[in-house]
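# Residue-level structure breakdown
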Amino acid sequence: MGGSAVVVGGGIGGLAAAIGLRLIGWEVTVTERVPVLADVGAGISLHANGIRALDVLGVGEAVRAAARPQYTGGTRVPGGGWLARMDGTTLERELGTPIVGIPRAVLHHLLRAALPSECLVVGAEVTSVDRSDPNRVRLLLGDAALEADLLVAADGVGSRLRAQLFPQHPGPAYSGSTVLRAITERPVEVDNDFELTWGRGAEFGHIAFADGRAEWHAVLNSPPGVRHADSLAAMRRRFGDWHDPIPELLGATRSDAVLHHDIHELVTPLPSFTAGRIVLLGDAAHAMTPNLGQGACQALEDAAVLAAALATEPTVESALARYDTERRPRSQSVARAARQAGRMGQQLTHPLAVAVRNTALRLAPSRATVHTILRHAGWTPPGLG
């Protein structure tokens, strides 16, 4: 079964979906509303499930070659003591691949490189969608129009297409946390590939990259919309007395490199990921907090499952029904787990609750951390037929 598809959104999920659809013989157009692809973003960790999805899509090796495996690290307290350590070697043995760290810009570039340049239409914002024909979808992009057998809505947490399809849904909700992040301007010396440090209502973490630079992020409990005149200076005041290498990471960062976003999620689950010939994918379907590092991995899973369903099911309708059946329970379960991880991790503020959590983590067997990662990363993608 082949056909034509329009993917709305040129992020990780949208590009991955386009790659998968082209692999199974579909004609694909990706529309992105921004006129210039600046590849805004800091870094990302990809777990085994995301890497396996990339393997199915044919770009896993390229991503591995550009990424840095995460073998060492774990979770600490501001003074530097360890709460839990990550055993990356065991994870690799259990799952066949380690967690890897990669700049988002590099990942975006590798995904785009797997598509013909003419597939991507930038500066094109969808203004309306006509679903009157049950077998076709018609989109208006300003004065232009596109028709396709399938529309993939990968337009992010604030998805306008989701709002049109499910007008009674409350949409994304503020999580209570805001995140500031950046990539260092120069290589830095770090002892571990990946670290999280939990304070009261605050988290600081880093991901080391293959070129010696590192991404850092700071997550803070905060009212929405709070911004700083100098974000980097604010982070130095907040985290400057935390353990090494946090001061060095901040010192290796340019002030204009710091990104600041409030974290929104779909607390109310969607009743379906499909509506006629439209399918929701990635954050448009299941935006989650970043506490498990699974947001992009779930979008990559979506792309692999969608391609597999369309490759092996007899009709588009049965393929989309299978996609919804496979993806909605799993991704919504991961989103709930991520929310709970945030509440028990970075968002905790009461001193007694923090002390109890820290003691429990210190006393937990080392296998517990591995088991937590395996529970979400131990996913095997379907074949493309």
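Look up a bit, the structure's there.
Quick look at the structure, then.

Rules of the game
- Positions within a chain are numbered from 1, following the residues in the order the chain's sequence is written.
- In keeping with the predicted nature of the model, local features appear solely for residues at pLDDT of at least 70, side-chain atom pairs appear and are counted solely at 80 or more, and the whole-chain, interface and lining totals rest on all residues.
- Water and hydrogen atoms play no part in the side-chain values, which are based on all heavy atoms of the structure.
- Buried residues of nine kinds, namely Ala, Val, Leu, Ile, Met, Phe, Trp, Tyr and Cys, make up a nonpolar core once their side-chain atoms join them within 4.5 Å.
- Type-normalised accessible area, obtained with a 1.4 Å probe on protein chains alone, sets the label of each residue: buried when under 20%, exposed when over 50%, and partly exposed for intermediate values.
- A run of H or I in DSSP counts as a helix once it spans at least four residues, and a run of E counts as a strand once it spans at least two, with each numbered from the N terminus.
- What makes two residues a contact is simply this: any of their non-hydrogen atoms within 4.5 Å.
- Think of a polar contact as two N or O atoms within 3.5 Å of one another; within protein, one of them needs to be a possible hydrogen donor and the other a possible acceptor, and neighboring residues in sequence only count if both atoms come from side chains.
- At least two DSSP bridges between two strands are required for those strands to pair.
- The angle between two axes is taken between their N-to-C directions and runs from 0 to 180 degrees, where each axis is a line fitted to C-alpha atoms and a helix contributes only its stretch in contact.
- Salt bridges are identified by distance alone: a Lys or Arg side-chain nitrogen within 4 Å of an Asp or Glu carboxyl oxygen.
- Oblique is the label for every angle not falling under 35 degrees (roughly parallel), over 145 degrees (roughly antiparallel), or within 65 to 115 degrees (roughly perpendicular).
- Crossing handedness is read from the near helix: turned anticlockwise from the far helix by less than a right angle, it gives a left-handed crossing, and turned clockwise, a right-handed one.
- As a working rule, the residues Ala, Val, Leu, Ile, Met, Phe, Trp, Tyr, Cys and Pro are called nonpolar, Asp, Glu, Lys and Arg charged, and the rest polar, with Gly in that last group.
- To estimate how far a helix should extend, the number of its residues minus one is multiplied by 1.5 Å.
- At any given residue, the bend is defined as the angle formed between two axes, one fitted to the seven residues that end at that position and one fitted to the seven that begin there.

### Description of the nonpolar core
Counting residues in hydrophobic clusters, the biggest one holds 69 residues, and the most contacted among them are L21, W26, L46, L150, V152 and L310. Among the elements that take part in this core, helix 10 (residues 295-312) stands out by supplying nine residues, more than any other. Residue contacts for L46: discarding those within four places in its chain leaves I51, L54, V63, P98, I99, V100, I102, L107, C297 and L300. L180, A182, W216 and M235 belong to the second-largest nonpolar core, a separate cluster that totals 22 residues.

### Brief notes about the side chain of E195
On the secondary structure map, E195 appears in strand 14 (residues 194-199). Within the structure, the side chain of E195 is placed 3.1 Å from the side chain of R76, a separation counted as a polar contact. Excluding residues within four positions of it along the chain, E195 makes contact with G74, R76, W82, F204, G205, H206, H243 and P245.

### Here's the deal with the sheet that holds strand 3 (residues 43-46)
The three strands lie next to each other as 3-7-4, forming an open sheet whose pairing is antiparallel. Every other strand in the sheet has two partners, leaving strand 3 and strand 4 (68-70) as the edge strands with one partner each. Along the sheet, successive strands turn relative to each other by an average axial angle of 30°, direction set aside. Two strands pair when backbone bridges link them, and strand 4 and strand 7 (residues 99-103) are joined in this way by three bridges, in the antiparallel orientation. Bridge pairing in strand 7 places R68 opposite G101.

### Focus: the pairing of strand 14
On a regular strand, each side chain points to the face opposite its neighbour's, so the side chains alternate between the two faces of the sheet. Most of strand 14 is tucked away, with six of its six residues classed as buried. By the alternation rule, side chains of strand 14 split into F194, L196 and W198 and E195, T197 and G199, which are all buried. Of the pairings in the sheet, the one linking strand 5 (residues 73-76) to strand 14 comprises four bridges and is parallel in character. Residue R76 lies in a different strand from strand 14, and its bridge partner there is T197. What sits between the antiparallel neighbours strand 14 and strand 15 (residues 202-208) is a turn of two residues, in which G201 has the positive phi angle 70°.

### Examining the environment of R322
Note that R322 resides in helix 11 (residues 316-344). Separated by 198 residues in sequence, R322 and A124 have C-alpha atoms that sit 30 Å apart. Beyond its immediate sequence surroundings of up to four residues, R322 is in contact with A308, A309, T312, E313 and P382.

### Structural notes on the pattern of salt bridges
If you walk through the whole model with that rule in mind, you get 20 salt bridges. Note that R367 is salt-bridged to E94, the shortest N-O span being 2.8 Å. In this pair, R367 sits in helix 13 (residues 366-377) while E94 sits in helix 4 (residues 88-95), placing the two residues 273 residues apart along the sequence. Connected through shared salt-bridge partners, R136, R138, E147 and D149 make up one network.

### What about the packing of helix 4 against helix 13?
Where helix 4 meets helix 13, the axes come as close as 10 Å, and the angle between the chain directions of the two elements is 40°. On the basis of their axis angle, the class for helix 4 and helix 13 is oblique. Where helix 4 crosses over helix 13, the handedness of that crossing is right-handed. Residues T90, L91, E94 and L95 of helix 4 form the contact with helix 13, whose own contacting residues are R367, V370, I373, L374 and A377. Among the residues making up the contact of helix 4 with helix 13, the classes are represented as six nonpolar, one polar and two charged.

### A look at helix 11
For helix 11, with 29 residues, the first-to-last C-alpha span of 41 Å sits near the 42 Å given by 1.5 Å per residue. Of all the bends in helix 11, the greatest, near 30°, is centred on R327, and the proline P329 appears no more than four residues after it.

### Description of the sheet that holds strand 11 (residues 144-148)
Sheets are built from strands paired through backbone hydrogen bonds, the pairs being either parallel or antiparallel. Ordered by their spatial adjacency, three strands build an open sheet running 9-10-11, and the pairing between neighbours is antiparallel. Either end of the sheet is taken by a strand with one partner, and the two such strands are strand 9 (128-130) and strand 11. Each strand axis lies, on average, 20° off the axis of its neighbour in the sheet, ignoring direction. Here strand 10 (residues 137-141) pairs with strand 11 via five bridges, running antiparallel. When the bridges of strand 11 are listed, L141 appears paired with A144.

### Notes on the environment of D149
Examined against the element boundaries, D149 turns out to sit in the loop between strand 11 and strand 12 (150-153). The spatial distance from the C-alpha of D149 to the C-alpha of E125 is 19 Å, given a sequence separation of 24 residues. Looking at D149, its side chain comes within polar contact range of the main-chain nitrogen of S4, at 2.9 Å. Looking at D149, its side chain comes within polar contact range of the side chain of R136, at 2.9 Å.

### Focus on the side chain of R277
Mapped onto the elements of the fold, R277 is located in the loop between strand 18 (274-275) and strand 19 (278-280). The class of R277 is buried, set by a relative accessible area of 11%. Not counting the four nearest positions on each side in its chain, R277 is found in contact with P134, N135, R136, V137, D149, L150, L151, V316, E317 and L320.

### Examining helix 2 (residues 48-56)
Of the positions making up helix 2, those classed as buried are A48, N49, G50, I51, A53 and L54. Positive phi shows up at G58, right after helix 2, with a value of about 85°.

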